Amino acid sequence: MTKPDYPNLLEKALKMVVKEALQHAQSHGLNDGAHFYITFKTRDPNVVIPDFLKMRYPDMMTIVLQHSFYNLNVSDEEFGVTLTFDGRPFYIRIPFNAMVEFKDPSVDFMLQFHPKKELTAGNDLELPLSEEKSGTSDDKRIVSLDDFRKNKKA
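As the structure is a computational prediction, the values presented were derived from the model and not from experiment.

Overview of the nonpolar core
Then, in step 1: Counting residues in hydrophobic clusters, the biggest one holds 28 residues, and the most contacted among them are Leu22, Ile38, Ile63, Leu65 and Phe79.
Then, in step 2: Those elements that place two or more of their residues in this core are helix H1 (6-28), strand S1 (36-41), strand S2 (60-65), strand S3 (70-74), strand S4 (78-85), strand S5 (88-95) and strand S6 (99-104).
Then, in step 3: Considering each element in turn, this core owes the most residues, 4 residues, to S4.

As structure tokens, this is what we get:
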């Protein structure tokens, strides 16, 4: 019998708090002074943001929902919203699993999350570099030219 994964259960419960706060904002708007700061991993494969933002923010990005946001849509797995970047509106989608932090400074409230790292193959730059082993290689197909140089000098 496996034990409950309490850290994972807690993470899910806290994301439900964010989901409900966003649903409240979707239905009722934000009160005077209320605003949300949402930090998320831009490399998450399910995040949908313009390419220029991915280049500008290659790892994490924080958005602010306060005065100028439109079309806030909240589902069980993600939320989408229209925000203005460089003077133009863009609809972005952020899965709750990509969130790193949620803040509502108007009521001094903050939650932090630990998203799981997911590898993507959409861009070679996104794949982690493998660690090179120093010294000799375990692969018998690789031959060092230094071995031949030493033999010729002898």
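Thoughts on the confidence of the model for the chain
Then, in step 1: Per-residue pLDDT for the chain averages 80, and the proportion of residues at 70 or more is 75%.
Then, in step 2: Below a pLDDT of 50 lies the segment residues 119-145, which in the model reaches 11 contacts outside its immediate sequence neighbourhood of four places, other chains included.

Comments concerning the pairing of S1
Then, in step 1: Pairing of S1 with S2 involves 6 bridges; the strand directions are antiparallel. Counted as the bridge partner of Ile38 is Ile63 from S2.
Then, in step 2: Examined bridge by bridge, S1 and S6 share 4 bridges and lie antiparallel to one another. Opposite Phe40, over in S6, you have Met99 as the bridge partner.

Notes on the packing of aromatic side chains
Then, in step 1: Overall, the coordinates contain 5 aromatic pairs when judged by the stated rule.
Then, in step 2: Here the aromatic rings of Phe85 and Phe90 are separated by 6.4 Å at their centres, their planes lie at 45 degrees, and the arrangement is tilted.
Then, in step 3: Relative accessible area serves as the criterion here: at 18%, Phe90 is assigned to the buried category.
Then, in step 4: Aromatic rings pair up to connect Phe36, Phe102 and Phe109 into one cluster.

Quick word on the pattern of salt bridges
Then, in step 1: Following the criterion strictly, the structure yields 6 salt bridges and no others.
Then, in step 2: A salt bridge links Glu78 to Arg93; its shortest N-O distance comes to 3.2 Å. Placement of the pair is Glu78 in strand S4 and Arg93 in strand S5, with a sequence separation of 15 residues.
Then, in step 3: Of the residues examined, Glu78 reaches a relative accessible area of 22% and is grouped as partly exposed.

What counts and what doesn't
Residues numbered from 1 in each chain as written. Predicted model: local features only at pLDDT ≥ 70, side-chain atom pairs only at ≥ 80, totals over all residues. Heavy atoms only, no water. Core = buried A, V, L, I, M, F, W, Y, C linked by side-chain atoms within 4.5 Å. Buried < 20%, exposed > 50% of the residue type's maximum accessible area, 1.4 Å probe, protein only. Helix = DSSP H or I, 4+ residues; strand = E, 2+ residues; numbered from the N terminus. pLDDT = per-residue confidence, 0-100. Contact = heavy atoms within 4.5 Å. Pairing = 2+ DSSP bridges. Phe/Tyr/Trp six-rings, centres within 6.5 Å; stacked < 30°, edge-to-face > 60°. Salt bridge = Lys/Arg side-chain N within 4 Å of Asp/Glu carboxyl O.

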